[in-house]
Amino acid sequence: MAEYSVFSLIREGLSGHKGWIRAWRDPEPKKSYDVIIIGGGGHGLATAYYLARNHGITNVAVVEKGWIGGGNVGRNTTIVRSNYMLDGNAHFYEHSLKLWEGLSRDLNYNVMFSQRGVLNLGHCDGQMDAFARRGNLMRLNGIDAELLDREGVRKLYPHLDYSKDARWPIYGGLLQARGGTARHDAVAWGFARGADRRGVDILQNCEVTGFERDGDRITGVKTSRGTIGCGRVGMAVAGNTSRVAAMLGLKLPIESHVLQAFVSEPLKPLIDGVVTYGAGHFYISQSDKGGLVLGGDIDFHNSYAQRGNLPVVENVMANGLAMMPYLSRVRILRSWGGIMDMSMDGSPIISKTPVDNLYLNAGWCYGGFKATPGSGYAFAHTIAHDAPHETNREMGLERFETGYLLDEGGKGPTPKLH
Ligand SMILES: Cc1cc2nc3c(=O)[nH]c(=O)nc-3n(C[C@H](O)[C@H](O)[C@H](O)COP(=O)(O)OP(=O)(O)OC[C@H]3O[C@@H](n4cnc5c(N)ncnc54)[C@H](O)[C@@H]3O)c2cc1C
């Protein structure tokens, strides 16, 4: 059964569920492909999907060293938003949010996108001024934003610490009501299925180990399943970007750091949307199963290990308790880490590279999940046309040469602060 619908569900339910077909095939690698996408994370799979859907390029392989969904796309805290200020980011992320709004229907796969709102808390006048500026710029760009005072926040989240002796009193917040969460695995699986149905080969357990070159062009990708010829290559390996680029002698403005996340025991409904703490780095939401999903800062040292360290665990919990003291009695069930591709200005890179037929998708820092559809859309366009889409025009690699950076956080070349 290829198409998912209530009718196919009823039909299969009545006939013993024997008609379902695999959501994607497990093919052997062909000798060569028009396009090879390295990395079967959200961005790689979305790129393959939009290459086929928007540009009719179907002789495509997604080459993944492990299993799809094993990287950051299956490890994140699933927050989706477009509350950016700079034009170069704002239009890109808003386009991505619009794609999210129709994604389940487009993919014929329920990605459980839930627009439950993302609220950033403000704790002093200066921060509220900055939120007003950001909110105004968002609205001027046609993006929804609402500045809430303390009482407005209290109506949405009555359980926060509103006491007089709160460590950081709540002054108000900036709400993006269209933001929310989605089911991360379903996003990987939905894009994989959508790409596969259009003829894309998804090659799992297929690690890229090197490249064959003819001058400035890549002619083949060496993998653990043999060498595969290629027309063009798109690299979307997130935390492993610097490692794969090094195979081509490229040094990129990317550092890898671990980001950890945590899930609590399941609780009754407590937190409707996503809330972020403005006096420290902490964010929290509640999953459909009831677990609180929370996270904070990256581990400050560089690492390629998919696990985190205790000082950040302590820091995240301390920030959480300062924002919501009642969390002290909640038990944390699980924690894990993913490797973040931190760029030097905190914004992503979707770009051509100094290698003729190599294209780069990287620099997602800790915010690439929400970008998944928009990134795939723009990267597919960039590969198909050898030129950026209007949404990623300011995300070129050359900005690190020209100095025309997309420094959304105003933090300069300090990835650990982004
Ligand atoms: C704990 C945590 C919380 C996060 N929370 C959020 C959030 O709330 N909202 C948000 O927007 N973003 C969030 N992010 C960030 C987001 O998950 C990432 O930016 C995004 O998933 C990165 O893109 P991807 O999905 O393509 O990466 P990945 O899923 O990591 O895909 C890259 C793939 O490349 C493969 N690969 C690497 N090297 C090779 C090789 N040599 N050969 C073949 N394949 C290779 C890897 O195995 C991996 O599957 C979070 C990340 C983490 C870790």
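Parameters and conventions
- Residues numbered from 1 in each chain as written.
- Predicted model: local features only at pLDDT ≥ 70, side-chain atom pairs only at ≥ 80, totals over all residues.
- Domains from an automatic or database assignment.
- Helix = DSSP H or I, 4+ residues; strand = E, 2+ residues; numbered from the N terminus.
- Nonpolar A, V, L, I, M, F, W, Y, C, P; charged D, E, K, R; others polar.
- Contact = placed C-beta atoms within 7 Å.
- Near = placed C-beta within 6 Å.
- Expected span 1.5 Å × (residues − 1).
- Buried ≥ 20, exposed ≤ 12 C-beta atoms within 10 Å, placed from the backbone.
- Arc of directions from axis to C-beta.

**Some remarks on the domain arrangement of the chain**
(1) Moving on: As assigned here, the chain comprises domain 1 (6-109 + 183-253 + 345-417) and domain 2 (118-180 + 255-343).
(2) Moving on: A C-alpha centroid distance of 27 Å is found between domain 1 and domain 2.
(3) Moving on: Listing elements by their share of the side of domain 1 that touches domain 2, those giving two or more residues are strand S3 (79-80), helix H3 (87-101) and helix H8 (241-246).
(4) Moving on: At four residues, the largest contribution of residues to the side of domain 1 that touches domain 2 is made by H3.
(5) Moving on: By residue class, the composition of the side of domain 1 that touches domain 2 is 14 nonpolar, 14 polar and five charged.

**Comments concerning the environment of Pro266**
(1) Moving on: Its location among the elements puts Pro266 in strand S12 (residues 254-266).
(2) Moving on: Considering only alpha carbons, one finds Pro266 and Asp161, 105 residues apart in sequence, at a separation of 22 Å.
(3) Moving on: Discounting residues that sit within four places of it in the chain, Pro266 has contacts with Lys289, Gly290 and Gly291.

**What to know about the site of the ligand**
(1) Moving on: Taken together, 39 residues lie around the ligand, and Gly39, Gly41, Gly71, Gly338 and Gly368 are the ones closest in.
(2) Moving on: Counting only elements with at least two residues in the shell around the ligand, the list comes to helix H2 (42-55) and S12.
(3) Moving on: Residues belonging to the shell around the ligand are distributed by class as follows: 14 nonpolar, 20 polar and five charged.
(4) Moving on: For the shell around the ligand, the domains that each give at least three residues are domain 1 (6-109 + 183-253 + 345-417) and domain 2 (118-180 + 255-343).

**Structural notes on unusual backbone geometry**
(1) Moving on: The residue Ala238 is not glycine, and still its phi comes out positive at about 45°.
(2) Moving on: The residue Ala238 is located in the loop between strand S11 (226-235) and H8 in this model.
(3) Moving on: Even without being glycine, Cys365 reaches a positive phi, approximately 50°.
(4) Moving on: Turning to its location among the elements, Cys365 is positioned in the loop between strand S18 (358-362) and helix H10 (372-385).

**As for helix H5 (residues 125-140)**
(1) Moving on: Relative to the 22 Å expected for 16 residues at 1.5 Å per residue, H5 spans 22 Å between its end C-alpha atoms, a close match to the ideal helical length.
(2) Moving on: Residues of H5 that are buried: Met128, Phe131, Gly135 and Met138. Considered in projection along H5, the buried side chains sweep an arc of 80° and stay on one side of the axis. Of the residues in H5, the exposed ones pointing more than 90 degrees away from the buried face are Asp125, Gly126, Asp129, Arg133 and Leu140.
(3) Moving on: Against the buried residues of H5 lie H3, strand S4 (118-122), strand S5 (146-149) and strand S6 (172-176).
(4) Moving on: One or two residues past the end of H5 sits Gly142, with phi positive at roughly 80°.

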